[in-house]
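What follows is each chain in one-letter form.
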Amino acid sequence: MSARILVVDDIEANRRLLQAKLEAQYYTVIQAENGPQALEVARKELPDIILLDVMMPGMDGYEVCRRLKEDPATAFIPVVMVTALSDTEDRVRGLDAGAEDFLTKPVDDFALMSRVGALMRYNAVASELRQRQANGLGGGLDLESTKEESDQPARIFIVDDNPRASARLAAVLREAGHTVVTLAEAGTMGDLSRLGVDLMILSLPSKSFDALKLCAHFKVTEATRAVSILLICDPEDRERAAKGLEIGASDVILTPVDKQELLVRVRTQARRARYIEMLRRRVDKGLELSVIDQLTGLYNRRYMMSQLHQFMQRSVMGGRPVSVMMADIDHFKSVNDTYGHDAGDEVLQEIATRLRENVRPMDIVCRPGGEEFLVIMPETPGDLACAAAERIRRAVAMAPFIVGRAALRIQITVSVGVSTITGEQDTIADLTKRADQALYQAKTTGRNRVESTAA
Ligand SMILES: [Mg+2]
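Residues numbered from 1 in each chain as written. Predicted model: local features only at pLDDT ≥ 70, side-chain atom pairs only at ≥ 80, totals over all residues. Heavy atoms only, no water.

Thoughts on the side chain of Arg393
Next, step 1: Among the secondary structure elements, Arg393 is positioned in helix 16 (residues 382-398).
Next, step 2: Separated by 2.9 Å, the side chains of Arg393 and Asn448 make a polar contact.
Next, step 3: The contact partners of Arg393, leaving out residues within four places of it in the chain, are Val414, Asn448, Arg449 and Val450. (Helix = DSSP H or I, 4+ residues; strand = E, 2+ residues; numbered from the N terminus. Polar contact = N/O pair within 3.5 Å; in protein donor to acceptor, adjacent residues only side chain to side chain. Contact = heavy atoms within 4.5 Å.)

Okay, structure coming up:
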């Protein structure tokens, strides 16, 4: 994962040192030697990460960070404050200014690489989300609400076989408002997906299980793949932590665990997990658009055909009948001609509502096109299908449709044709053709009635 990193420091030797370390890991480094220059370069170059010195003459790091976060063009770039002091107050000031994380001078190689790596993993997800928003695929999702939603308290699972250490972490996280379950409380690691966690904190020093094996397991399991993993590691055990990052952990924190660090790392990882979840939902939404009829919210023809195909195959294999009912609005053309197409659309929507309210949960209601509707009824023999069709016919005819701003009351009826699968030679075309013939019969024998080819 290559990245462009902006290093801001007033002392040249410091900039060069960080540059050398980062370039050794194939990162590209841009430099700035004071606050105003940092703001200018950040705006122009849009780096992936900014390493920002706190103590600088003129505009200090806090002020630079605040301005970066105020500017929509640079607000999304993760900022790591580099402080000479490991003073808590210093860190709190950095976080208040909007920084994502911090590093203490002299900067340790492992700390630097794990910070940059973790933020790059975070960026990968966040930038995907931003890109979709920019392309109008956000589905009404704006960056502000995204950030707000992503900063909700996280659901955290602590996997550590040391009960004292685990309880201490839990206390810190709970105090910050997060929901926490520890391994001791859960009793088992059994059904993690049911716990619905955003983040797992996994302790490498644990003796009763192999934390790296667990980490690998979570990353290959569908239900837990999206969960971010934060490793806790003893300073002398960095190699194993590096291995953990390689196999899919998102970040690492060294013991003794600093409270501020813990909260910062958790916030970034929880955000990442939420972003992944949002992306997943957006993808589902995209999928939905391709199978749903936009006017009525019913399934469209494409989905109808794929479902018919599946249910007919299942029916042939399992020997259970499948029926379809085809409903067509009577004299729909005259509704459009008399009241206009907007009223016509409202009638179609109201039909959809009455259909939905009067079918069983397992039935699939589709609008293949125009004023025609088709309901797939799995495991339903012809006589039951006719009874269901009759119920729907009555639900439509029973009460007038109220449409338009003038609240017109229009009497609407439907004609319905029912057909049932006849055997394994039966095709979708045969089945729907028979329903169509029955429908035609209902139309020619007076409308507002149900006919079936089985009868
Ligand atoms: Mg300085």
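Now that the structure is up, let's keep going.
Topic: unusual backbone geometry
Next, step 1: Residue Pro106 follows Lys105 across a cis peptide bond; omega there is -5°.
Next, step 2: With respect to the helices and strands, Pro106 occurs in the loop between strand 5 (101-104) and helix 5 (109-134).
Next, step 3: A cis geometry characterises the amide bond from Thr255 onward to Pro256, with omega recorded as -5°.
Next, step 4: Assignment of secondary structure puts Pro256 in the loop between strand 10 (251-254) and helix 12 (259-291).
Next, step 5: A positive phi angle, close to 50°, is found at His331, a residue other than glycine.
Next, step 6: Within the element layout of this structure, His331 appears in the loop between strand 11 (323-329) and helix 14 (332-339).

So, the pairing of strand 3 (residues 49-53)
Next, step 1: Among the five residues of strand 3, five are classified as buried, and the element is accordingly described as predominantly covered.
Next, step 2: Neither face of strand 3 is exposed, since Ile49, Leu51 and Asp53 on one face and Ile50 and Leu52 on the opposite face are all buried.
Next, step 3: By the bridge criterion, four bridges tie strand 1 (residues 4-8) to strand 3 in an arrangement that is parallel. If you follow Val8 over to strand 3, its bridge partner there is Leu52.
Next, step 4: In this structure, strand 3 lies alongside strand 4 (residues 79-83), joined through four bridges in parallel fashion. Bridge assignment links Leu52 to a residue of strand 4, and that residue is Met81. (Buried < 20%, exposed > 50% of the residue type's maximum accessible area, 1.4 Å probe, protein only. Pairing = 2+ DSSP bridges.)

Section: the pairing of strand 12 (residues 364-369)
Next, step 1: Of all the six residues making up strand 12, five are buried; the element is thus mostly covered by neighbouring parts of the structure.
Next, step 2: Bridge count for strand 12 against strand 13 (residues 372-377) is four bridges, and the pairing is antiparallel. Bridge pairing in strand 13 links Gly369 to Glu372.
Next, step 3: As consecutive antiparallel partners, strand 12 and strand 13 are separated by two residues, and within that stretch Gly370 has a phi angle of approximately 50°, a positive value.

Looking at the environment of Glu89
Next, step 1: Within the secondary structure, Glu89 is located in helix 4 (residues 88-96).
Next, step 2: Looking at Glu89, the relative accessible area reads 59%, which means it is exposed.
Next, step 3: Along the backbone, Glu89 and Gln260 are 171 residues apart, and their C-alpha atoms lie at a distance of 10.0 Å.

Re the environment of Val116
Next, step 1: Structurally, Val116 can be placed in helix 5.
Next, step 2: The exposure class of Val116 is buried, given its relative accessible area of 1%.
Next, step 3: On a C-alpha basis, the gap between Val116 and Leu51 in space is 9.3 Å, while along the polypeptide they are 65 residues apart.

Observations concerning the coordination of the magnesium ion
Next, step 1: For the magnesium ion, the full set of protein donor atoms is Asp10 (OD), Asp53 (OD) and Met55 (O), and the range of their distances to it is 2.1 to 2.3 Å.
Next, step 2: Between consecutive donors of the magnesium ion, the numbers of intervening residues give the motif D-x42-D-x1-M. One end of the pair, Asp10, is in the loop between strand 1 and helix 1 (12-24); the other, Asp53, is in strand 3, with 43 residues separating them in the sequence.
Next, step 3: Given a relative accessible area of 3%, Asp53 falls into the buried group. (Donors = N, O, S within 2.8 Å, 3.2 Å for Na, K, Ca; no water.)

Let's talk about the sheet that holds strand 4
Next, step 1: Spatially, the five strands line up as an open sheet ordered 2-1-3-4-5, and their pairing is parallel. The outermost strands of the open sheet, each flanked by one partner alone, are strand 2 (28-32) and strand 5. The mean inter-strand angle of the sheet, taken between neighbouring strand axes irrespective of direction, is 25°.
Next, step 2: In this structure, strand 1 lies alongside strand 2, joined through five bridges in parallel fashion. Paired with Ile5 across the strands is Val29, a residue of strand 2. (Axes fitted to C-alpha atoms, helices over the stretch in contact; angles between N-to-C directions.)

Some points on the UniProt feature "modified residue: 4-aspartylphosphate" (unreviewed entry) in the protein
Next, step 1: Using the residue numbers shown here, the UniProt feature "modified residue: 4-aspartylphosphate" (unreviewed entry) corresponds to Asp53.
Next, step 2: Other than its neighbours up to four places away in sequence, Asp53 contacts Val8, Asp9, Asp10, Gly61, Val82 and Lys105. (UniProt positions renumbered as here; feature names shortened; annotations may be inferred.)

Structural notes on the sheet that holds strand 10
Next, step 1: The five strands lie next to each other as 7-6-8-9-10, forming an open sheet whose pairing is parallel. Edge positions in the sheet fall to strand 7 (179-182) and strand 10, since each has one partner strand and no second. Between one strand and the next, the sheet's axes are offset by a mean angle of 20°, whatever the strand orientation.
Next, step 2: As defined by bridge partners, strand 9 (residues 228-233) adjoins strand 10 across four bridges and the pair is classed as parallel. Note on strand 10: the bridge partner recorded for Leu231 is Val252.
Next, step 3: Contacts from helix 7 (residues 163-175) reach strand 6 (155-159), strand 7, strand 8 (199-203) and strand 9, with the element oriented near 170° to strand 7.
Next, step 4: Where helix 11 (residues 238-246) meets the sheet, its contacts fall on strand 9 and strand 10, and the angle it forms with strand 9 comes to roughly 175°.

Quick word on helix 14
Next, step 1: By the burial criterion, the buried members of helix 14 are Phe332, Val335 and Asn336. Mapping the buried residues of helix 14 onto a view down its axis gives an arc of 95°, with all of them on the same face. Turned more than 90 degrees away from the buried face of helix 14, the exposed residues are Lys333, Asp337 and Thr338.
Next, step 2: As for helix 14, its buried residues are in contact with strand 11 and helix 15 (341-358). (Arc of directions from axis to C-beta.)

Points about the packing of helix 14 against helix 15
Next, step 1: Relative orientation of the contacting elements helix 14 and helix 15 amounts to 140°, with a least axis distance of 7 Å. Judged by the inter-axis angle, helix 14 sits oblique to helix 15. Where helix 14 abuts helix 15, its residues Phe332, Val335, Asn336 and Tyr339 lie against His341, Ala343, Gly344, Val347 and Leu348.
Next, step 2: When its residues are assigned to classes, the contact of helix 14 with helix 15 shows six nonpolar, three polar and no charged. (Parallel < 35°, antiparallel > 145°, perpendicular 65-115°, else oblique. Nonpolar A, V, L, I, M, F, W, Y, C, P; charged D, E, K, R; others polar.)

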